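Tertiary structure, described
In case you want the letters, here they are:
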Amino acid sequence: MKKLALLATALAMVSGSALAADMAVKAVKAPPPAPFDPWDVAFGSALMNDYVFRGVTQSNHKPSVAAYFEPRYNINKDLQLYVGAAGESISFPNRAAAEIDIYGGIRPTVGMFAFDFGVWGYIYPGGTCYNAAAVPGSGIPGSDASCAVSPFGNSDPVTGGLPINGNFAKKNASFYEGYAKVNVTLNDQFSIGANEYYSPNFLNLGAWGNYASITGKWTAPSTTFGTSGVGMYVSGEFGRQWLGTSDRFYGTGPGTVFAAGIPEPSYNTWNIGVGFTYKVFTLDLRYSDTNLSKGACNAFTSDYTARVATAGSVSLINPGGFESNWCGATGIAKLSADLTAVSNLK
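Residues numbered from 1 in each chain as written. Predicted model: local features only at pLDDT ≥ 70, side-chain atom pairs only at ≥ 80, totals over all residues. Heavy atoms only, no water.

Think of it this way: side chains of opposite charge can pair up when their charged atoms draw near. A full pass over the atoms with the stated rule returns eight salt bridges. Note that arginine 72 and glutamate 70 form a salt bridge whose closest N and O atoms lie 2.6 Å from each other. The same class applies to arginine 72 and to glutamate 70, which are both buried. Between aspartate 284 and arginine 286 there is a salt bridge, with the nearest N and O atoms lying 2.9 Å from each other. Comparing aspartate 284 with arginine 286, the two get one shared label, buried. Three or more residues are tied together by salt bridges with common partners; here these are Glu70, Arg72, Arg107, Asp116 and Lys181. (Salt bridge = Lys/Arg side-chain N within 4 Å of Asp/Glu carboxyl O. Buried < 20%, exposed > 50% of the residue type's maximum accessible area, 1.4 Å probe, protein only.)

Listed below in C-alpha cells is the structure:
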C-alpha cells in the first residue's frame, strides 16, 4: 500500500508539472496592435535677435518673434499631407504690421530620400505706399491714393518717396512661391539637402524670383553630452537668389535708362551655425552673409533706414548712392520650441 501511495503521488506531481507548462504557453496572448491614427499637429514658437530671410534682415537687425501651427495627415508612414500658418514680426519699408504665412503641401519619403512639395504664401498686411508718382490714373503698378505726397498721402514732400533716401515701397508686398525640397539621410549623423523655390512676382516687385540652395547637417552622437539629454548639430546652407526686372513702380525716373523698372540684383547667400537641443527646445547660433554690395542692397530692399550716400555706391539702379546694411554679415541667435500632438501631448 505504501508503494502504491508513493507511485500515485509521483504521477500527480509529474502530470501537474506538465499541465502547468502547457498552461503557461497557452495563457500568454500578444496585445492587439495600437490603432493607426493618421492625424497629427505640429506647432511651436521662436524668439530671435534678428529675422534673416535668404541673407537679408526682415526685422532691421532687431529682435523678432515667430510662431506656427501645422495640422498633418499621414496617409501612411511614407506619405504626409499638411497645411500650416505662421507669423513673424518684421520691420519693412512699407511699415507692414507683420508677416503672415499660409502654406501647404505633400511630403513623400522613399528610403533615405525625404521630399517636400508645396506652395507658400507670404502676406504683409497693414502696409503703406511711398511713391508720389504712383497715384490713381498714373498707370503705374501699385498705384494708390495713399501714395500721394503728405499730408494727404504718405510720401515725403521733399524726396517723393521715403524720407531722406527717397526709396519707393509698395503698399502691398505680398507674394507666393512654389517649392520642391529633398533631404537625404546618409546615416545617423550626416544628411544633405537641396531646395528650389520659384515666384512669378517676388515681394510684389513685378520681378520673378528663383531661389536654389544646398544644405548639409552633422548631428552629434546622442552620448556626446553623456546622459544629460542635450543634443548638438552643425549645419550650413549655400544658395543663390535670381531676380528678374521690376515693374515701373521701382523705375529710376522718367528719361532714365531703367524708367520702366530696374533689373533687381541677383546674389549669393550662405550661413553656417551650431545648434543645441534639449527635449522640445533648440538654441541655434548662426552666421549669415551675402555678396550684395551696400548700394545693390539698397536698390533691392528699399531700406528705410539708409541715410549714408557715397559716390562709390552710385549706379544705374541706385542713382542716389544710398547704402544699406540689411544684406551684410550678421549673427543670429534663435531659441525655439517645437512640439507635435502625438509625441508631446499624450
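Moving on, we come to the environment of tyrosine 122. Along the polypeptide, tyrosine 122 turns up in strand β7 (residues 113-123). Between the C-alpha atoms of tyrosine 122 and leucine 203, which are 81 residues apart in sequence, the distance is 8.4 Å. For tyrosine 122, the residues in contact, after removing those within four places along its chain, are Phe53, Arg54, Glu99, Ile100, Asp101, Ser174, Phe175 and Glu177. Here glutamate 177 takes part through its side chain, which lies 2.9 Å from a polar atom of the side chain of tyrosine 122. (Helix = DSSP H or I, 4+ residues; strand = E, 2+ residues; numbered from the N terminus. Contact = heavy atoms within 4.5 Å. Polar contact = N/O pair within 3.5 Å; in protein donor to acceptor, adjacent residues only side chain to side chain.)

Taking strand neighbours around the barrel as the criterion, the 12 strands line up as β1-β4-β5-β6-β7-β8-β9-β10-β11-β12-β13-β14 in a closed arrangement whose pairing is antiparallel. When the angles between neighbouring strand axes are averaged without regard to direction, this sheet yields 20 degrees. Pairing of strand β1 (residues 39-48) with strand β4 (residues 64-76) involves 10 bridges; the strand directions are antiparallel. Counterpart to aspartate 40 in the pairing with β4 is arginine 72. (Pairing = 2+ DSSP bridges. Axes fitted to C-alpha atoms, helices over the stretch in contact; angles between N-to-C directions.)

What the rule picks out here adds up to two disulfides. Each sulfur in the disulfide pair cysteine 129 and cysteine 147 lies 1.9 Å from the other. Linking cysteine 129 and cysteine 147, the disulfide has an S-S dihedral of approximately 105 degrees and is accordingly described as right-handed. Taken as a pair, cysteine 129 in the loop between β7 and β8 (175-185) and cysteine 147 in the loop between β7 and β8 lie far apart in primary sequence, 18 residues in all. Cysteine 129 gets classed as buried once you look at its relative accessible area, which sits at 0%. Take cysteine 147: its relative accessible area is 0%, and that puts it in the buried class. The disulfide that involves cysteine 297 links it to cysteine 327, with 2.0 Å between the sulfurs. When the S-S torsion is 80 degrees, as for the bridge of cysteine 297 with cysteine 327, the disulfide is right-handed. Highlighted residues: cysteine 297 in helix α2 (residues 294-301) and cysteine 327 in the loop between α2 and β14 (330-340), separated in sequence by 30 residues. Each bonded cysteine in the chain gets a number by its place in the sequence, and the pairs come out as 1-2, 3-4. (Disulfide = S-S within 2.5 Å.)

A separate point is the side chain of aspartate 289. In this structure, aspartate 289 sits in strand β13 (residues 281-290). Buried charge without a partner: aspartate 289 forms no salt bridge, and the closest opposite charge is lysine 294, 11 Å away. The residues contacting aspartate 289, other than those within four sequence positions of it, are Asn268, Thr269, Trp270, Cys327, Gly328 and Ala329. (Lys, Arg positive; Asp, Glu negative; His and termini not counted.)

Right, let's talk about the pairing of β8 for a bit. Where β7 lies against β8, 10 bridges are found, and the strand directions are antiparallel. The residue of β8 that forms the bridge with glycine 121 is tyrosine 176. Across eight bridges, the pairing between β8 and strand β9 (residues 190-199) is antiparallel. Counted as the bridge partner of alanine 180 is glutamate 196 from β9. Remark: four residues form the turn of the hairpin made by β8 and β9, two consecutive strands paired antiparallel.

What follows covers the packing of aromatic side chains. Per the counting criterion, the structure on display carries 19 aromatic pairs. Ring pairs connect the aromatic residues Phe53, Tyr82, Tyr103, Trp120, Tyr122, Phe175, Tyr179, Tyr197, Phe202 and Tyr211, which therefore count as one cluster. Directly above the ring of tyrosine 82 sits arginine 107, whose terminal nitrogen or CZ lies 3.6 Å from the centroid. We note lysine 217 situated over the ring of tyrosine 233; from NZ or CZ to the ring centre the distance is 4.6 Å. (Phe/Tyr/Trp six-rings, centres within 6.5 Å; stacked < 30°, edge-to-face > 60°. Lys NZ or Arg CZ within 6 Å of the ring centre and 35° of its normal.)

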